[in-house]
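Spelled out from the first residue to the last, the chains are:
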Amino acid sequence: MTTEHNWAGNLTYRASTIAHPESVDELRGLLAQGGPVRMLGSRHCFNDIADTDGVLIALDRLPRVFEIDPTRTAVRVSGAARYGDIAPLLDAEGLALANLASLPHISIAGAIATGTHGSGDAIGSLASAVRGLTILTPAGETRTLERGDDDFDGAVVSLGALGAVLDVTLDVEPTYEVAQHVFEHPSWDAVLADFDEVTSIGTSVSLFSTWERTDFVDQIWVKQRQPEAREAARESLFERLGAEPATSKRHPILGVDPIACTEQLGVAGPWFERLAHFKLEFTPSAGAEIQTEYLVPRADAVAAIQAVRTLAGQIAPLLLVNEIRTVRSDDLWLSSSNGTDAVGIHFTWKPEEEAVRALLPTIEAALPETARPHWGKVFTLDGAETRSRYPRWDDFAALAARFDPERRLVNPYLERLGL
């Protein structure tokens with residue numbers, strides 16, 4: 001059994017070995033050996049979604065793919081590539097992605113398989129940018145799916161249940177610059193009264209709180225595409241909320257050196273150096289941590305935040321920071337924003353997993369029944385209840401059965417979900 005663990009160190013993989021094939025033929029040969037198997041990305045999942053008691057296969061040594069479509073509206077990249085690796089290559093070509101997650105360290109295939117997202121009322125999850133993908137099934141068959149194909153909407157956010165994602169084709173657009181501003185201590189009551197206006201005041205907006213205080217938000221980060229179009233409106237809004245602009249660079253976790261964070265104070269720069277919260281060359285966030293996130297329909301967002309607010313006394317002792325973000329709706333079957341604009345309530349916890357897991361049922365019971373947990377983070381909602389929150393779950397289960405009829409990709413995580 002391997003002794004290797006995930007990025008945060010809260011999970012040691014049970015796999016007998018971790019293989020790193022250097023070609024698709026070698027990957028196909030590994031799959032031909034039979035037995036349980038799972039694919040491993042950049043290890044930024046906090047639960048056992050990627051684990052197996054068989055063989056873990058990391059695709060990071062496969063030949064790299066980076067091909068810009070002749071129309072210059074799409075790029076085909078390796079599934080194992082990290083967003084932080086392809087972003088400067090795109091920018092050098094005068095191209096950009098519409099969004100990035102808070103960490104550029106994550107692999108593309110892993111991010112889309114778990115429905116990972118950034119923030120922005122008008123911006124979808126990272127998976128919503130997928131135009132096509134190539135999957136190698138456990139039987140060694142190559143399947144290519146493109147947007148509009150019958151199974152495409154089920155194959156993008158796949159939980160790793162279909163096979164190895166060899167490459168992904170992503171939508172791109174002309175490059176642009178972004179400026180990032182931070183505001184401190186706006187009133188929670190005022191923010192929730194004008195929640196839609198607050199989250200729409202920038203291209204991407206994030207609200208951070210430690211819940212040590214329930215009367216004000218610790219920080220609101222606003223990322224705005226340039227040229228600036230709403231500076232006066234933004235300043236007026238935050239003055240009305242009682243917020244103050246930060247006078248120096250900030251980290252989402254209070255008291256932590258912000259050296260790892262992307263530039264702030266309104267200094268414009270390339271999209272990939274602002275949309276993420278953290279720089280690729282640094283360990284992001286706190287490092288040793290646990291993460292949880294629930295996404296609720298936009299209509300339920302204020303009630304969900306108020307529910308968390310009432311639990312502040314129980315949450316704060318275990319919390320490093322809580323971030324609230326928004327995501328545009330999409331049609332992907334297992335996307336947490338499937339069929340609805342969504343608001344994510346994300347918890348970065350201290351590395352005290354037993355205590356965190358003991359608290360999560362209380363949070364899950366307080367949230368609206370529409371809340372969907374992030375697939376790659378820690379949650380305790382049972383499988384039947386989780387499945388019930390996805391109208392296309394049965395369709396996905398049938399799709400997974402066709403791609404993996406021998407159930408070699410099914411691990412304890414997928415078993416808990418009923419696969």
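Computed from a predicted model, the values in this text were never measured in an experiment.

## Points about helix α7 (residues 231-240)
In an α-helix, one full turn covers 3.6 residues, which means residues spaced three or four apart are oriented alike. Of the residues making up α7, those classed as buried are R234, L237 and F238. Along the long axis of α7, the arc covered by the buried residues comes to 90°, so they all point the same way. Along α7, exposed side chains directed more than 90 degrees from the buried face belong to A232 and E239. Along its buried surface, α7 packs onto β11 (177-184), α6 (195-199) and β13 (219-225). Note on α7: the residue one or two positions beyond its end, G242, has a positive phi of about 80°.

## Considerations on the packing of aromatic side chains
In total, this model carries 10 aromatic pairs according to the counting rule given. Linked through ring pairs, W375, Y390, W393 and F396 together constitute an aromatic cluster. The ring of Y176 has R225 lying over it, and the distance from NZ or CZ to the ring centre is 3.6 Å. Across from the ring centre of Y390, 4.7 Å away, lies the NZ or CZ of R372, which sits over that ring.

## Here we look at the domain arrangement of the chain
One can read the domain layout of the chain as domain 1 (66-175) and domain 2 (178-373). Three residues stand out in domain 1 for area buried against domain 2, namely H117, S119 and D121, and they jointly supply 23% of the buried area on that side. At the surface where domain 1 touches domain 2, the tally comes to two salt bridges. Of the charged contacts in the structure, one is a salt bridge between E173 and R225, with a shortest N-O distance of 2.9 Å. Applying the counting rule to domain 1 against domain 2 returns 20 residue pairs in polar contact (both at pLDDT 80 or more). Mapped by element, the contributors of at least two residues to the side of domain 1 that touches domain 2 are α2 (83-92), β6 (95-96) and α4 (152-155). Taken together, the residues of the side of domain 1 that touches domain 2 sort by class into 18 nonpolar, 14 polar and seven charged.

What counts, and at which threshold
Residues numbered from 1 in each chain as written. Predicted model: local features only at pLDDT ≥ 70, side-chain atom pairs only at ≥ 80, totals over all residues. Heavy atoms only, no water. Buried < 20%, exposed > 50% of the residue type's maximum accessible area, 1.4 Å probe, protein only. Helix = DSSP H or I, 4+ residues; strand = E, 2+ residues; numbered from the N terminus. Arc of directions from axis to C-beta. Contact = heavy atoms within 4.5 Å. Phe/Tyr/Trp six-rings, centres within 6.5 Å; stacked < 30°, edge-to-face > 60°. Lys NZ or Arg CZ within 6 Å of the ring centre and 35° of its normal. Domains from an automatic or database assignment. Buried area = accessible area lost by both parts, 1.4 Å probe. Salt bridge = Lys/Arg side-chain N within 4 Å of Asp/Glu carboxyl O. Polar contact = N/O pair within 3.5 Å; in protein donor to acceptor, adjacent residues only side chain to side chain. Nonpolar A, V, L, I, M, F, W, Y, C, P; charged D, E, K, R; others polar.

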